[in-house]
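# Structural features, examined
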Amino acid sequence: MGAEPERRASASASQTSEKTFVSEGRQPMGTSESPNISLVTRANKAPAQYRSRLNLDTGFRWLMTLAALAVLGVVGLIIAELLQRSSMAWHQFGIRFFFGSDWDPVSGSFGAWPFIYGTLVSSFVALLVAVPLAVAVAVFVTEMCPKPLRKPISYATELLAAIPSVIYGLWAIFVLVPLLRNYVNPLLIKYLSWTGLFVRPDYGYSMFSAAVVIAIMIVPIISSISREVLAVVPQHQREAALALGATRWEMIRMAVLRNARAGIVGAVILGLGRALGETMAVTMVIGNTPQIAKSLLAPGYSMAAVIANEFNEATGDLYRSALIEIGLALFIVTVIVNILAGLMVWSVTRGTPARTNV
Amino acid sequence: MSNHRISLRRQLTNYFFTGLAASLSVLVVGALLAIFTYLVLKGAGSLSWNFLTQVPKPVGEPGGGVANGIVGSIIILAIASAIGVPVGIGAGVYLAEYGRGRFGDVVRFTADTLNGVPSIVIGLVAYGLVVLPQGHFSGFSAGVALAIMMVPIVARATEQMLLLVPQSVREAAFGLGIPQWRTTISITLASARAGIITGVMLAFARVAGETAPLLLTALGYQYWNLSPSQPMAALPLQIFTYANSPFDEWHRQAWAAALMLVIVIVGTTTLVRFVFLRRMLEGAR
């Protein structure tokens, strides 16, 4: 996560001073404010004895540009590679590939719908579980909790984010799945079986288990970005609401959450992006069965999981090509989701300096 | 004073939501504690000298360890860092020192995009770029996959930290006639050093536990292998295989390996948080 260090920095630094550093750092170089710098970098105006140094300057600049180009190159390579290696499946099945629900490698019939369905449903259910938790943590930490508790709670959620996916999977297999099967699912079946979403048989390895693991994994992401967004809401908005006689919750609802709405939605979408691509923990508990069942307690499959499980054993070019096409679809969807999320978070946090005009 | 005038219903709503937020937060922190406690309880019992120094025994035989996975992970992460860190820092320097135009924005956007790409997709690409041309799975290809994941994290962190260095420091250097490349290396990068190390370590912690790309690149291996051009064992892969196996002995080893991995990752993150970050913020003031 590129945002991580800056978030950590802003967590402990006083935010305003940091922000001014950033904005100072951005402008002056090369603009009219400091003409002496552009003099140095312009080779033709420099005295002869500095020429060799200036060539080093150009060389250094090119080297750094090369590194920046490498970032573009890698993404270009990813796209080219995925497009090229999935072309066989694309030519064979066309757009039907994404809507066919028959996945039978032996007979050479590939339809990706069960995986797309599994990814969408597990991510959606995960969001339903994670969003209230994450927003509650963010609101509690920024608005309610006593100061000494603030750091430990945010540190704990950050640690949750640092645990690798495969360890969540391990924990889910031996702790979460038995817990759900023995205590939670029977209750869900008892009270919610009329919806058709929670019906027996219940093996434990299911879409629902996968969704719960994903939820635990995306809570820290959503809550830390929400926290950032909430921190940006101008203090005078809070004071104004309190001065009008609002209770603390009314103040949070009207002055804080309403202002931060777009940013929180952005954080949720960012969590969705992570949920869609989640691989290991999902593979370990979702049951790995390419089927579409209405019950969430039935086993399912996801796009990332099928690649992880079947790619190495895939025999034949068409099989591999089909799996890579699933990877391409996953890539496109996550990129779109992340761009959307970035725009929404930015739409809230970009106005930060406004706070100084109070 | 005005408290009497707040209706009971409004006060109750206030208490209700405060309580709700507090209890949900407790639930999240509780989940973390539950995971850690379980990891320590299950893992600590199986950590032993043999576990750290032996290679896996065949199924059914007791004992054996994950030494090959530990060494494999170290080699793979070393390759990933050797490629990912210089490129990442270079791109970060570009963004902070030269990248104020449209091209800089494009690079920034691309780096953020790359950061959001699912790791399994990176694995697919590394498979196509390295494994296929090479003809077989290898530790090197795993290093490449993880390097790709490190670059955007390191680049954005480097950029952030360089921008924290006051502009006056650069101007002072230019004023002394120090060329720009020398200023960047010996002055700007040097003052932002702690922050950049932070970014690098966070990137390291992020990829150290990655499993999905390794499945398609390093593949895993039962015995000793120190050559990066061959299939290689790695700790996360062993956790995955052992967790999915039906053997109790392997389950115990999976917990022990998971505990080790978490100690490394959490250790890195905590070190960053309490040592480097503090020093860096002092430096920036």
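Residues numbered from 1 in each chain as written. Chains lettered and ligands numbered in written order. Predicted model: local features only at pLDDT ≥ 70, side-chain atom pairs only at ≥ 80, totals over all residues.

Right, let's talk about the overall build of chain A for a bit. Within chain A, the regular secondary structure consists of 13 helices and 2 strands. Within chain A, buried positions represent 47% of all 358 residues. Contacts in chain A between residues far apart in sequence, at least 24 positions, make up 75% of those at least 6 positions apart. (Helix = DSSP H or I, 4+ residues; strand = E, 2+ residues; numbered from the N terminus. Buried ≥ 20, exposed ≤ 12 C-beta atoms within 10 Å, placed from the backbone. Contact = placed C-beta atoms within 7 Å.)

Below, the discussion takes up the overall build of chain B. Within chain B, the regular secondary structure consists of 12 helices and 0 strands. The order of helices and strands in chain B, counted from the N terminus, is α-α-α-α-α-α-α-α-α-α-α-α. What you see for chain B is a C-alpha radius of gyration of 24 Å, clearly larger than the 19 Å of a compact globule of 285 residues, by over 25%. Its C-alpha atoms give chain B principal-axis dimensions of about 70 × 65 × 35 Å. For chain B, with 285 residues in total, the buried portion stands at 52%. (Rg over C-alpha atoms; globule rule 2.2 N^0.38 Å.)

Residues and elements named next belong to chain B. Checked against the element boundaries, Y242 lands in helix α11 (residues 235-244). Look at Y242 and you get buried, because 23 C-beta atoms sit within 10 Å. Discounting residues that sit within four places of it in the chain, Y242 has contacts with W250, H251, Q253 and A254.

This next bit is on the packing of helix α13 (residues 317-349) of chain A against helix α5 (residues 119-134) of chain B. At a closest axis distance of 10 Å, the pairing of α13 of chain A and α5 of chain B adopts a crossing angle of 135°. Relative to α5 of chain B, the element α13 of chain A is oriented oblique. Two packed elements cross with a definite hand, and for α13 of chain A against α5 of chain B that hand is left-handed. Of α5 of chain B, the residues touching α13 of chain A (which contributes I324, G327, L330 and F331 of chain A) are I120, V121 and L124 of chain B. Classifying every residue of the contact of α13 of chain A with α5 of chain B by side-chain character gives 6 nonpolar, 1 polar and no charged. (Axes fitted to C-alpha atoms, helices over the stretch in contact; angles between N-to-C directions. Parallel < 35°, antiparallel > 145°, perpendicular 65-115°, else oblique. Left-handed = near helix turned anticlockwise from the far one by under 90°. Nonpolar A, V, L, I, M, F, W, Y, C, P; charged D, E, K, R; others polar.)

In this complex, chain B contributes 89 residues to the contact, which on the side of chain A involves 90 residues. Considered class by class, the residues forming the side of chain B that touches chain A number 59 nonpolar, 23 polar and 7 charged.

All names here are of chain B. Remark: helix α6 (residues 139-164) packs on helix α9 (residues 193-208), axes separated minimally by 8 Å, with the N-to-C direction vectors making an angle of 155°. Here α6 lies roughly antiparallel to α9, going by the angle between them. In the packing of α6 onto α9, the handedness of the crossing is right-handed. The segment α6 lies against α9, with L146, M149, M150, I153, V154, A157, T158, M161 and L164 engaging G195, I196, T198, G199, V200, L202, A203, R206 and V207. Along the lines of polarity and charge, the residues of the contact of α6 with α9 split into 13 nonpolar, 4 polar and 1 charged.

Turning our eyes to something else, we now look at the domain arrangement of chain A. Residues and elements named next belong to chain A. In terms of domains, chain A is made up of domain 1 (32-94) and domain 2 (99-352). Centre-to-centre, using C-alpha coordinates, domain 1 lies 36 Å away from domain 2. Residues belonging to the side of domain 1 that touches domain 2 are distributed by class as follows: 6 nonpolar, 2 polar and 1 charged. (Domains from an automatic or database assignment.)

So, on to unusual backbone geometry. Residue and element names in this part refer to chain A. For the peptide bond that leads from R200 to P201, omega is 0°, which places it in the cis range. Considering the arrangement of structural elements, one finds P201 in the loop between α7 (165-192) and α8 (207-232). Of note in the backbone geometry, N288 takes a positive phi value of approximately 50° without being a glycine. Here N288 is to be found in the loop between α11 (280-285) and α12 (303-310). Of the residues examined, N288 has 19 C-beta atoms within 10 Å and is grouped as partly exposed.

This paragraph deals with helix α10 (residues 248-277) of chain A. With 30 residues, α10 of chain A extends just 38 Å between its outermost C-alpha atoms, more than 12% less than the 44 Å of an ideal straight helix rising 1.5 Å per residue. A maximum bend of about 65° is found in α10 of chain A at R261 of chain A. (Expected span 1.5 Å × (residues − 1). Bend = angle between axes of the 7 residues up to and from the residue.)

Before going further, it helps to examine the nonpolar core. Ranked by size, the top nonpolar core spans 199 residues in total, and within it V71, V213 and V285 of chain A together with A91, M150, I239 and A258 of chain B carry the most contacts. When residues of this core are assigned to their parent elements, the largest contribution, 18 residues, is made by α6 of chain B. What I239 of chain B contacts, discounting residues up to four positions off in sequence, is V166, I167 and L170 of chain A together with A254, A257 and A258 of chain B. (Core = buried A, V, L, I, M, F, W, Y, C linked by C-beta atoms within 7 Å.)

Residues and elements named next belong to chain B. Mapped onto the elements, F140 comes out in helix α6. Since 23 C-beta atoms lie within 10 Å of it, F140 is described here as buried. Distance from F140 to A218, taken between C-alpha atoms, is 7.7 Å for residues 78 residues apart in sequence. The residues touching F140, leaving out its near neighbours within four places in the chain, are I79, V130, P228 and S229.

Residues and elements named next belong to chain A. Considering every residue of chain A, the mean pLDDT works out to 83; 82% of them sit at 70 or more. The least confident element of chain A is helix α2 (residues 15-26), whose mean pLDDT is 40; the most confident is α11, at 95. This stretch, residues 1-43, has a pLDDT under 50; its non-local contacts, to residues over four places away or in other chains, come to 61 contacts. This model gives residues 352-358 a pLDDT under 50, and the stretch forms 8 contacts once residues within four places in sequence are excluded. (pLDDT = per-residue confidence, 0-100.)

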